[in-house]
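Close look at the chain arrangement
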Amino acid sequence: MKNKIDIVIIEDNPNDAELMVRSMKKNRLANSMIVLEDGELALDYFFSRGKYAGKKIVCADKVIFLDLKLPKVSGLEILKKLKNNDKTKNIPVVVVSSSKQDPDIKTAYELGANSYVVKPIEYVDFVEMMNQLNLYWLVVNENSK
Amino acid sequence: MKKLTFKNIRSRLTFWFLIIALMPLFIGIILTYYQDKIIIRHENIDKLVAIRDLKVQQLNYWLDERVGDLKAIAKDYEVRTLGKIFDKKIKSPEDIKKMEIARKLMFRYLEDYDAYVEAFIINAHTGIVEISTKPKYEGMDKSNDTYFTKPLKTNEIFIKDIYYAESTGHIIEMTFSIPIFCLHDDPTHLIGIMVMRIDLSNSLYPLLKNKIGLGQTGETLIVNKNVMALNELRGYKNAPLNLQISAKPAISASQGKTGIVSTNDYKNEEVLAAYTYIPRTEWGFVCKQNISELEAPIHELIKNLTILLIVSVTIVVLIVLWISKLISKPIKDINIATQKIINGNYSVKVPVNSRDELGSLAHSINEMAVSIESNIAAKKKQYIKLKLQKKETDKANKELETFAYSVSHDLRAPLRAIDGFTRILIEDHVSKLNEEGKRFGAIIQDNTKKMSTLIDDLLTFSRMGRASISYTKIDMKSMVIAMYNETTNAEERNRIKFTVDDLPTIYGDTNLMRQVWINLISNAIKFTSYRKQAIISISCQKGKNQFTYCIKDNGSGFNKKYQDKLFTVFQRLHNQEKFKGNGIGLALVQRIISRHNGEIWAESEIDKGAVFYFNLPKNRGAINEKQN
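How each quantity is defined
- Residues numbered from 1 in each chain as written.
- Chains lettered and ligands numbered in written order.
- Predicted model: local features only at pLDDT ≥ 70, side-chain atom pairs only at ≥ 80, totals over all residues.
- Heavy atoms only, no water.
- Contact = heavy atoms within 4.5 Å.
- Buried area = accessible area lost by both parts, 1.4 Å probe.
- Salt bridge = Lys/Arg side-chain N within 4 Å of Asp/Glu carboxyl O.
- Helix = DSSP H or I, 4+ residues; strand = E, 2+ residues; numbered from the N terminus.
- Nonpolar A, V, L, I, M, F, W, Y, C, P; charged D, E, K, R; others polar.
- Buried < 20%, exposed > 50% of the residue type's maximum accessible area, 1.4 Å probe, protein only.
- Polar contact = N/O pair within 3.5 Å; in protein donor to acceptor, adjacent residues only side chain to side chain.
- Pairing = 2+ DSSP bridges.
- Axes fitted to C-alpha atoms, helices over the stretch in contact; angles between N-to-C directions.
- Right-handed = clockwise from strand over helix to strand, strands pointing away.

Contact residues are listed per partner, giving 23 residues for chain B and 22 residues for chain A. Buried area between chain B and chain A, summed over both chains or domains, comes out near 2,100 Å², and the portion from carbon and sulfur atoms is 56%. The three residues of chain B that bury the most area against chain A are B:Tyr405, B:His409 and B:Arg416, which together make up 33% of that side's buried surface. At the boundary of chain B and chain A, one finds three salt bridges. Of the charged contacts in the structure, one is a salt bridge between B:Asp428 and A:Arg22, with a shortest N-O distance of 2.5 Å. Elements with a contribution of two residues or more to the side of chain B that touches chain A: helix 10 (357–428) and helix 11 (435–464) of chain B. When residues of the side of chain B that touches chain A are assigned to their parent elements, the largest contribution, 16 residues, is made by helix 10 of chain B. For the side of chain B that touches chain A, the per-class residue count stands at seven nonpolar, six polar and 10 charged.

Next comes the structure, spelled out in C-alpha cells:
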C-alpha cells in the first residue's frame, strides 16, 4: 500500500524545495510528502489528470504549502481551483511567499488561503518556521475529516 | 412703508421717469382747471352784472322817454291854455277848435310810439275826461283813479304800476300821469291831469325779453315792492301780478338792495342772480341764469383737459418706455452676456452701442470673455498635458513597483539558497572544513544577512514615494515611548538617559510616523552606543502653523561639511566598522516627512552629539490644502 500523503509542497524553485524537504526530513515527515514543481502538475495531481490520470488519490492531505510564483499556472489560480472544488476545498492551504510586500496577500486570503507566511532568507529562521508550520498543521490543527 | 422693488432696471427707470414726467403734468392740469374755473366764475358774475346794469339803463331810458313825452305835452302852449275852455259850460266853436288842436297833438305822440294806447286830459276841478284820443271815453269821471288823485296832490309826475287794462282784461298796461298848469293868470294854477296809457306787451316787455348774452336759461324779471312778478316769465304762465316770488335775489332787490348771489330761483333751480332796485318805479330787478348753463364751459374745460391729459400721458408713457428701453437695453444685454459667460459660453459678444461707461463696460466684457476663453483653452491644454504626464508617471510607477517586487522576490530566492546551503555545508560537512573554511562560511552568511536587510529597506524606500497616506490623529508622546521600548532592550535602557517632553498630537500616517521614530531613535542609540551614559531627549517647539519635533543625543555627531549628504540614499558618514547601517534609514525618514509636507534637518559637530529636527503642519486643513 502506498504511503499516505499528508503534505503537498507546490514549489518551482528546486533550491527552496530542497531546503523545505530537508527540514521535513529532519522531522521525519519525508515519506508522507510530495513536491510538485509547477502549477499544471499540481492541478493534475489534485484532479487526477495527465501524469496522475487514473491514479486514485487518497485525499488525506493535511496541508498544502503553495508558492505563488509558479510557471504555467499561477499559485492564485491553483488556490482558486482548490477552494472551488468540493473535494479539495477543506484542505488547509498555507501560502509560502518570498516577500511580505506581495500585493497578492489580500487576494490570497480572499480566495480562501488558510495562512500566509514569508520564507526567511536565513536558513536557521527558515528551518524554525518550517518546524513550527509542521507542528501546527500536522499535530495541533484538527482536520475536517 | 413698503420699499419699492423692481424685477428689472427697465421697470425701475420707467416708474421714476413716469413720476418725474407726470407729476408736473398733473399739477399743471389741476392748476389750469382751478384757475380757469375761477376765471369762468368771475366772467359769469361780470357778465350778469353787466347785463343787469345794461337792462336797468335801458329801462331807465325808456321811462325817461315816456316822462319826456308827457312833459312835452304838458308844457305845450295850446294845452296850457285849455283851462278856461274846460271851465266853460258851453264851448264856443273856437274853443272846440282849440281842443281839437290839443287832441291832434296827443295823436301825434300816439302815432310816433305805437305802445301808447290812449292819451287823455282830465279836468283838474271835476275829474272828468275833457279830451281823449279815444273820444268815446270823453266825459267819463276819473276823479277816483290814482293817476288823477296822486299828481293832483303832489303836482309831480305819477307812474301807476303795472295792471291789467279794465277794458280788455288781458292787456298789461302802465299809466303815466302829469299835472298841467295854467299858462297865463297863475302858473301854479292846475288846470288838468294829462294821462298816458301804455301797452307793455310791445314796449317794455320786448326790452326785457331780449335775452342776448343770457343763453338758454337766462332771463330778467322785475318785481314790485310786494315781490309780485311784473313781467312774463319763461317758467310760469301769466306771471305778471299772479306770481309771488320767494327767491332771495328778488326779495333783496325789492328791498332796495343791489348785488349778485348764487342761489335757487322761483323754479327752485340753481342760478346765479344779479339784482338791483329801481327807485323811480319801486321795482326790484333781477337778471339771472342757471348755474348749469353758466358752468357749462367748466365741463367743457374738464373735457378738454381730460383729453389733453390722456394724450399727454400716452405720449409721455411712450417716450418714457422708449427712453428706459434705450437706457436699460445695454445693461440687459450685458447681463445676458455675463450670464452666458458664467454658463461657459465665451463666444458671446455684447453689442457696443455707445461711447459712454456702458459702452466701455460692454467692450471690457467682450475682452474679458475673449481673455477667459484663451485662458481656459491654455489651462485645458495644460491640463491635458498634465494628465498625459500623470498617466505616463503612473504607468512608470506601476512598472517600477512590479519591477521592485520582482527584484525583491527574485533576489531573495538565491540569497536564501546561498545562506541555506552554506549552513548545510557547515553543518553536514564540518569535518572536511578547516578553520579558514568555517570563517569564510560565516562571512558568506553575514553578507547574506546584510543583503537581505538592504533589499527590505530599499523596497520600503521605493514604496514610500507612492504609498497613499491615511491621516489619523497621532499621540506623539505615547508613540515615541512605545517605539523607544520596541527598539531597546533592558540593558540598553539602563545605559541611556531617555527623556520625552509633552509632545502635541498631530495628524499623520501612523505606520509611517512609527517608522520615522524608530529610525531616528535607533540612529541616536546607535551613535551613542560607545558612551557610558548616553543621553537622548525628545522635545517639541510649537510654531504658528507647525510643530517642530526635536531629538537630541550626545553621540558621535557628524561633520558639518557633510550635512547636505545626511539624507541621501546609501550615503554614510561613518565607516561600517564603527557604526553599522546601510544608508537608507535617514533617506526614508526624509521621504516620509516630506510626504507629510514637513521638513527635516540636523545640526551637529563631531563628538558633540547631534540634533535632528523635523516639522509637520499643525492642522489637517493645511495638509489637505497643500495636497490639493
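For the rest of this paragraph, the subject is the pattern of salt bridges. Taken as a whole and judged by the stated rule, the model has 30 salt bridges over all chains. The salt bridge partner of B:Arg416 is A:Asp16, with a shortest N-O separation of 2.8 Å. Taken together, the positions of B:Arg416 in helix 10 and A:Asp16 in helix 1 (residues 14–26) put the pair across two chains. Where A:Lys89 meets A:Asp86, a salt bridge forms, and the shortest distance between an N and an O atom there is 3.3 Å. For A:Asp86, a relative accessible area of 62% corresponds to the exposed category. Beyond isolated ion pairs, a larger network of salt bridges with shared partners links A:Glu11, A:Asp16, A:Lys119 and B:Arg416.

Residue and element names in this part refer to chain A. Judged by how many residues are buried, helix 2 (residues 39–46) sits mostly within the fold: seven of eight residues are covered. Listed as buried for helix 2 are Gly39, Leu41, Ala42, Leu43, Asp44, Tyr45 and Phe46. Along its buried surface, helix 2 packs onto strand 1 (7–10), strand 2 (33–36), strand 3 (63–66) and helix 3 (75–84). Residue Asp38 occupies the N-cap position of helix 2, its side-chain oxygen lying 2.9 Å from the main-chain nitrogen of Glu40. Downstream of helix 2 by one or two residues, Ser48 has phi in the positive range, about 50 degrees.

With that out of the way, let us pick up the sheet that holds strand 9 (residues 283–290) of chain B. Residue and element names in this part refer to chain B. Spatially, 6-9-8-7 is the arrangement adopted by the four strands of the open sheet, whose pairing is antiparallel. Every other strand in the sheet has two partners, leaving strand 6 (219–223) and strand 7 (259–264) as the edge strands with one partner each. Sheet twist, expressed as the mean angle between neighbouring strand axes with direction ignored, is 30 degrees. Of the pairings in the sheet, the one linking strand 7 to strand 8 (residues 270–278) comprises six bridges and is antiparallel in character. Paired with Gly259 across the strands is Tyr275, a residue of strand 8. Against the sheet, helix 1 (residues 9–74) contacts strand 6, strand 7, strand 8 and strand 9, and its axis sits at roughly 35 degrees relative to strand 8.

This part covers the pairing of strand 4 (residues 93–97) of chain A. Residue and element names in this part refer to chain A. Of all five residues in strand 4, five are buried, a share of seventy percent or more. Note: strand 3 against strand 4, three bridges, orientation parallel. Paired with Leu66 across the bridge in strand 4 is Val95. In the classification by handedness, the crossover that spans strand 3, the intervening helix 3 and the parallel strand 4 is right-handed. Looking at chain direction, strand 4 and strand 5 (residues 115–118) are connected through four bridges and run parallel. Bridge pairing in strand 5 links Ser97 to Val118.

Worth remembering: the numbers are spatial, not functional.
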